Every structure is written in C-alpha cells, then in structure tokens.
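Residue strings, one per chain:
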Amino acid sequence: MTPIELFAATLGLINVALVVRRSIWNYPFGLAMVALYGWVFLDAKLYSDALLQIFFFVVQFYGWWNWNRSRADAGEVLVSPLGTARFATWITGALVATACWGAVMHYWTDAHFPWWDGAIAMFSIAAQILQSRRNLESWILWIAVDLMAIPLFALKGLWPTAILYVVFLILSIIGLIEWRRAASKAA
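First things first, this report covers the structure right here in the doc. All values derive from a computational prediction rather than experimental measurement. (Residues numbered from 1 in each chain as written. Predicted model: local features only at pLDDT ≥ 70, side-chain atom pairs only at ≥ 80, totals over all residues. Heavy atoms only, no water.)

**Section: the overall build of the protein**
Along its length, the protein carries seven helices and zero strands. Summarising its shape, the C-alpha atoms of the protein cover approximately 50 × 35 × 25 Å along the three principal directions. Out of the 187 residues belonging to the protein, those deemed buried represent 49%. Within the protein, residue pairs in contact and separated by at least 24 positions form 72% of the contacts whose partners lie at least 6 positions apart. Of the roughly 9100 Å² that the protein leaves accessible, carbon and sulfur atoms contribute 71%. Of the charged side chains in the protein, 12 are positive and 10 negative; the average position of the first set lies 10 Å away from that of the second. (Helix = DSSP H or I, 4+ residues; strand = E, 2+ residues; numbered from the N terminus. Buried < 20%, exposed > 50% of the residue type's maximum accessible area, 1.4 Å probe, protein only. Contact = heavy atoms within 4.5 Å. Areas by Shrake-Rupley, 256 points an atom, 1.4 Å probe, with all protein chains shown as cover. Lys, Arg positive; Asp, Glu negative; His and termini not counted. Charge placed at Lys NZ, Arg CZ, Asp CG, Glu CD.)

Below, the structure is given as structure tokens:
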C-alpha cells in the first residue's frame, strides 16, 4: 500500500458515487484517479490494468462531453437502455477481446495473471464505453469487473484497491437499481 494508491482509491470512491447519482462532476475525479492508478498498476506488473488507465483517461473526456449534452431539464443525465441483443454483442466482443489480449500479455510480457488481468481490462473497456454512452447495462458489466477485480487485487496485496472494489461492487448494484429506475421513468 502506498499513499498514491490510497489517494487514488479515495478519488475512485468519490468518482463512482457521483456516477451513481448521474452527476457530471464525476469526471474531474475520474481523470485524477485513473492517472494515479496507471502508476499503481504498472508498479504491480498488472500491465493490462495500467494500459487500461490510459484508455480511461481518454474516454473520460468523451463521457464528460456526452453527459454534458444529454441532460434532462432537471440537470440529471438521461439513461438509455441498450437491449438484450445489443448487450449480448458487447459481451461477446469483450470475451473475444479478452482471449486476444490475454494471449498478448501471456506470451510477450512478464505480466502477472495476464488472462485474469486482461479480462478485467477488456470488460472494463466495454463497461466504460457503455457508461459514457449512458447505457443502463454498463452497471452489469461493472458488477462483473468488480467480482473479478476484488480477488486479483487482494492476491497482489493491493488492499486499498481491493477494498475500493468491494465498495465499487456495492455502488454498482446501487447504480444498476438507480439507473433502472431512471430509465423506467423516462419510458
């Protein structure tokens, strides 16, 4: 545990709590969090997660822009359900990407747990894109990511991050419930 990891975890908690509330102010906290976590994961030889932070940094700007232009009169960000068939396509894509990325990390790096870490990275990418697009189903993917990440980070001794992902799991469940409620009101 380092002070950087602890600070990144604190920023992550604030970020996800604001996402659950559909607050556009989640993005400044998200940008700072992913910048710090890039260093944390690189140091832990979780290269897929380290590279993922670069993706997160870039997509934070897209999400900020998209959420800013997609608000209701009351200021809340509108939620858009994806649908079962389109969601199945996203899951299939994440599984294929996991197989490809895991192979790259396994054969060409000294990454620790390349397949496991790769699955977390690929499903996180899908979840982040869907969340940036305001799709309800992003929370289902975040729940899956949290369930994969908690034991990996604990195994690597990244205890503040493992605990953060337990909190993320709880917030993801709350987010799914809240966003479902918002989507049903809009329908």
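Structure's up, so let's keep going.
**Describing unusual backbone geometry**
With glycine set apart, most residues show a phi of negative sign, and most peptide bonds adopt trans. If you check the backbone angles, Arg22 has positive phi at about 60° while not being a glycine. You can see Arg22 is positioned in the loop between helix H1 (3–20) and helix H2 (26–43). Classification of Arg22 by relative accessible area gives buried; the value is 17%. Even without being glycine, Phe113 reaches a positive phi, approximately 50°. Here Phe113 lies in the loop between helix H4 (84–108) and helix H5 (114–132).

**Details of the nonpolar core**
Tyr37, Trp139 and Phe153 are the most contacted members of the largest nonpolar core, which totals 53 residues. Every element with two or more residues in this core is listed here: H1, H2, helix H3 (47–68), H4, H5, helix H6 (138–155) and helix H7 (159–186). Residue contributions to this core peak at ten residues, all from H7. Once residues within four sequence positions are removed from consideration, Trp139 is found in contact with Val16, Val19, Val20, Gln131, Leu171, Ser172, Gly175, Leu176 and Trp179. (Core = buried A, V, L, I, M, F, W, Y, C linked by side-chain atoms within 4.5 Å.)

**Observations regarding the pattern of salt bridges**
Considering all chains together, one arrives at two salt bridges under this definition. Between Asp110 and Lys45 there is a salt bridge, with its nearest N and O atoms 3.0 Å apart. Residue Asp110 is found in the loop between H4 and H5, and its partner Lys45 is found in the loop between H2 and H3; the two are separated by 65 residues along the sequence. Owing to a relative accessible area of 42%, Asp110 belongs among the partly exposed residues under this scheme. Given the relative accessible area of 31%, Lys45 is considered partly exposed. Residue Glu178 pairs with Arg181 through a salt bridge whose shortest N-O separation is 2.9 Å. Taken together, the positions of Glu178 and Arg181, both in helix H7 and three residues apart, correspond to about one turn of that helix. (Salt bridge = Lys/Arg side-chain N within 4 Å of Asp/Glu carboxyl O.)

**As for the packing of aromatic side chains**
Following the criterion strictly, the structure yields 13 aromatic pairs and no others. Judged by centre distance (6.0 Å) and plane angle (50°), the rings of Phe55 and Phe56 are tilted. Take Phe55: its relative accessible area is 25%, and that puts it in the partly exposed class. Exposure remark for Phe56: the relative accessible area of 7% places this residue in the buried category. Ring centres of Tyr62 and Trp65 lie 6.0 Å apart, and the angle between their planes is 40°; this geometry places the pair in the tilted category. A residue pair is termed a helical-turn pair when its members lie 3 or 4 positions apart in one helix, as Tyr62 and Trp65 do in helix H3 at three residues. The exposure class of Tyr62 is partly exposed, given its relative accessible area of 34%. An aromatic cluster is built from Tyr27, Trp64, Trp67, Trp139 and Trp179, whose rings are joined through pairwise contacts. (Phe/Tyr/Trp six-rings, centres within 6.5 Å; stacked < 30°, edge-to-face > 60°.)

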